[in-house]
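Below are the chains, spelled out letter by letter.
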Amino acid sequence: MKVLFATSELAPWVKTGGLGDVAAALPPALRQTGADVRVLVPFYPALRQAFPDAAPWAAVPPLGGRLGGALLRSARTPDGTPLLLLEHNDHYDRPGNPYLGADNRDWPDNRLRFGLLSRVAAWLGSEACPGDWRCDLIHCNDWQTGLAPAYLRYLDELPGSAARAKSLITIHNLAFQGLFGADALPELGLPPESWALDGVEYHGYLSFLKAGLQHADAITTVSPSYAREIQTPAEGMGLDGLLRHRGERLTGILNGIDTELWNPATDACLHGHYDVLRLPQKVRNKSELRRELGLRPAEDRPLLGVVSRLTEQKGLDLLARTAEEILALPAQLVVLGHGDRALEQHFRNLALSHPQQVAVHIGFNEVLAHRIEAGIDLFLMPSRFEPCGLNQMYSQRYGTPPLVRATGGLADTVVDCTPATLAAGRASGFVFQAAEASAFLDCVRRAVAAWHDRRLWRQLQINGMTRDWSWQAPARAYHTLYQQLIGTL
Ligand code: ADP
Ligand code: GLC
């Protein structure tokens, strides 16, 4: 079973969020189930640096419209996962964020950059594919590779291209839809008939994500709860009608995490290693983190933390609005993140007015992210919506109970602490319902009170640390779905 995993991010080299982590961890887990998976990703500068010897694998001819020729190179990651690196210097060899320029706005040629990525994926699933590795299935991820299923559909009508791959699209985030003007259609080499309600058109725009949802043989998203939520008008971001229409093809498969990379017993970023049997040694990470960030040592107050993109989705305005009350509980706070300028400034100001109680680091910092997960007492994730979320799983693995809103993958991975869930040995964090400052604050109060009960807290930590967060079960679920799609099951 040959599977092409097409992605616009790949950790640790190119990552803006969870998609990068998933693209790095799911393919190797799938290979362990016996699938022959290769990862298709643009040859960004960070990948050029990491794989300077990547050998040419195939020349890609011009594939219609303004999609010029390109080169595919092959390499293997340190864990042995084969990569197909899409080289097109004009499109991908530029510094910075994969989607945004230095002005924080979308790169103006994103339609061509991710159009080419999608088109090359489809090409690898068509008869035109060179060599002996025509894939049986293309696993697309988010809008950036969402056009691939549409290309497959229209390829089908071209002579000689009948044998084509099946396609699956995973929604990591419905909020990003890849919308472009109608003039993109000929540029992307799509036929005029694709401009239709059951094609790539969406309210007068060309939508990469809609194209994928419309044409893929199956749709998955990254948690069962999000799979239900996106079929409702409230959470469907305009696509709920289509998702309901294709509901029989839509399933939720909860993400796993890379339990090697995120292992408190071996994590090279940490000051002190620990596991569930050596839990008291976790505290060394807290004292070092406080020292590193200039926070006052204080045994009487918990250290609360955030690692996040600072966007509307993540609900951190709820924290911004209640921070003074939270600090007065008393508690300390560390925030690592970047994004929304106003929110960045708000948190910076908070740190300025409480230098010993609040540390704020605006930016992206992988090492600090690991140290925060290990060093804090309570991880805050009050998301408005959350397809899956990885940090609440990282934090549970690190013995740091999370406090989350009951939405999407957060609802599926965090068990609220109640007498009943404690008695059942399942409680692992704190969950609140309404996306309102008062509900959030009440929940923080409840969590801080629980933190003062050392035995109860220890139980929460143990429950979270001993749950299986690995990719094994999700990889098996994807494998079964692949088999169903390819018709071998
Ligand atoms: P999303 O993909 O919506 O951003 P996830 O929780 O799925 O949310 O994944 C976020 C990933 O990005 C996690 O690995 C998290 O640690 C990481 N991350 C987010 N912001 C930062 C940051 N400022 N510095 C370091 N890592 C970050
Ligand atoms: C998206 C979602 C996040 C999810 C991640 C990986 O970025 O916002 O919830 O965990 O993708 O699937």
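In what follows, the accompanying structure is described. (Residues numbered from 1 in each chain as written. Chains lettered and ligands numbered in written order. Predicted model: local features only at pLDDT ≥ 70, side-chain atom pairs only at ≥ 80, totals over all residues. Heavy atoms only, no water.)

### Re the site of ligand 1
Okay, step 1: Among the 21 residues in the neighbourhood of ligand 1, the closest are listed as Gly 18, Asp 21, Arg 309, Lys 314 and Gly 363.
Okay, step 2: Within the contact set of ligand 1, an oxygen atom lies 2.5 Å away from a backbone nitrogen or oxygen of Gly 18.
Okay, step 3: Here Gly 363 contributes a backbone N or O atom positioned 2.7 Å from a nitrogen atom of ligand 1.
Okay, step 4: When ligand 1 sits alone it has 560 Å² of accessible area, and the protein chains cover 94% of it.
Okay, step 5: Listed by contribution, the elements that provide at least two residues to the shell around ligand 1 are α1 (18-32), β13 (303-310), β14 (332-339) and α14 (391-397).
Okay, step 6: Per-element accounting of the shell around ligand 1 gives the leading share, 3 residues, to β13.
Okay, step 7: Built from parts of two domains, the shell around ligand 1 gets at least three residues from each of domain 1 (2-256 + 472-486) and domain 2 (279-465). (Near = heavy atom within 4 Å. Polar contact = N/O pair within 3.5 Å; in protein donor to acceptor, adjacent residues only side chain to side chain. Areas by Shrake-Rupley, 256 points an atom, 1.4 Å probe, with all protein chains shown as cover. Helix = DSSP H or I, 4+ residues; strand = E, 2+ residues; numbered from the N terminus. Domains from an automatic or database assignment.)

### Topic: the packing of helix α11 (residues 316-327) against helix α17 (residues 437-451)
Okay, step 1: Across the interface, α11 lies against α17 with an axial gap of 9 Å and an inter-helix angle of 45°. One element, α11, and the other, α17, form an angle in the oblique class. Relative to α17, α11 is oriented so that their crossing is right-handed. Every residue of α17 that contacts α11 at Leu 318, Leu 319, Arg 321, Thr 322, Glu 325 and Ile 326 is listed here: Ala 437, Phe 440, Leu 441 and Val 444.
Okay, step 2: Of the residues in the contact of α11 with α17, the class split is 7 nonpolar, 1 polar and 2 charged. (Axes fitted to C-alpha atoms, helices over the stretch in contact; angles between N-to-C directions. Parallel < 35°, antiparallel > 145°, perpendicular 65-115°, else oblique. Left-handed = near helix turned anticlockwise from the far one by under 90°. Contact = heavy atoms within 4.5 Å. Nonpolar A, V, L, I, M, F, W, Y, C, P; charged D, E, K, R; others polar.)

### Focus: the site of ligand 2
Okay, step 1: The local shell around ligand 2 holds 14 residues, among which His 172, Asn 255, Glu 386, Cys 388 and Gly 389 are the closest.
Okay, step 2: Between ligand 2 and Gln 313 there is a distance of 3.1 Å, counted from an oxygen atom to a side-chain nitrogen or oxygen.
Okay, step 3: At 2.5 Å from an oxygen atom of ligand 2 is found a side-chain nitrogen or oxygen belonging to Glu 386.
Okay, step 4: Contact with the protein chains covers 93% of the free accessible surface of ligand 2, which is 310 Å².
Okay, step 5: Residues belonging to the shell around ligand 2 are distributed by class as follows: 6 nonpolar, 6 polar and 2 charged.
Okay, step 6: Residues from two domains meet in the shell around ligand 2; each of domain 1 (2-256 + 472-486) and domain 2 (279-465) gives at least three.

### Considerations on the sheet that holds strand β10 (residues 205-207)
Strands belonging to one sheet form pairs held by backbone hydrogen bonds; the direction of such a pair is parallel or antiparallel.
Okay, step 1: Spatial ordering of the open sheet is given by β8-β10-β9, a layout of 3 strands whose pairing is antiparallel. Here the strands that pair on one side only, and so sit at the sheet edges, are β8 (179-180) and β9 (201-202).
Okay, step 2: Sheet topology places β8 next to β10; 2 bridges connect them, and they run antiparallel. Considered in β10, the bridge of Leu 179 is made with Ser 207.
Okay, step 3: Running at roughly 60° to β10, helix α7 (residues 208-215) makes contact with β8, β9 and β10 of the sheet. (Pairing = 2+ DSSP bridges.)

### Side note on the nonpolar core
Okay, step 1: With 92 residues, the main nonpolar core has Leu 40, Val 120, Leu 124, Leu 147, Leu 188 and Leu 213 as its most contacted residues.
Okay, step 2: Element by element, the count of residues in this core is highest for helix α4 (residues 110-124), at 9 residues.
Okay, step 3: In contact with Leu 124, not counting residues within four places along its chain, are Leu 4, Leu 40, Trp 57, Leu 72, Leu 84, Cys 129, Trp 133, Arg 134 and Cys 135.
Okay, step 4: If you look at the next biggest cluster of nonpolar residues, it comprises 37 residues, including Leu 318, Leu 380, Leu 403 and Ala 427. (Core = buried A, V, L, I, M, F, W, Y, C linked by side-chain atoms within 4.5 Å. Buried < 20%, exposed > 50% of the residue type's maximum accessible area, 1.4 Å probe, protein only.)

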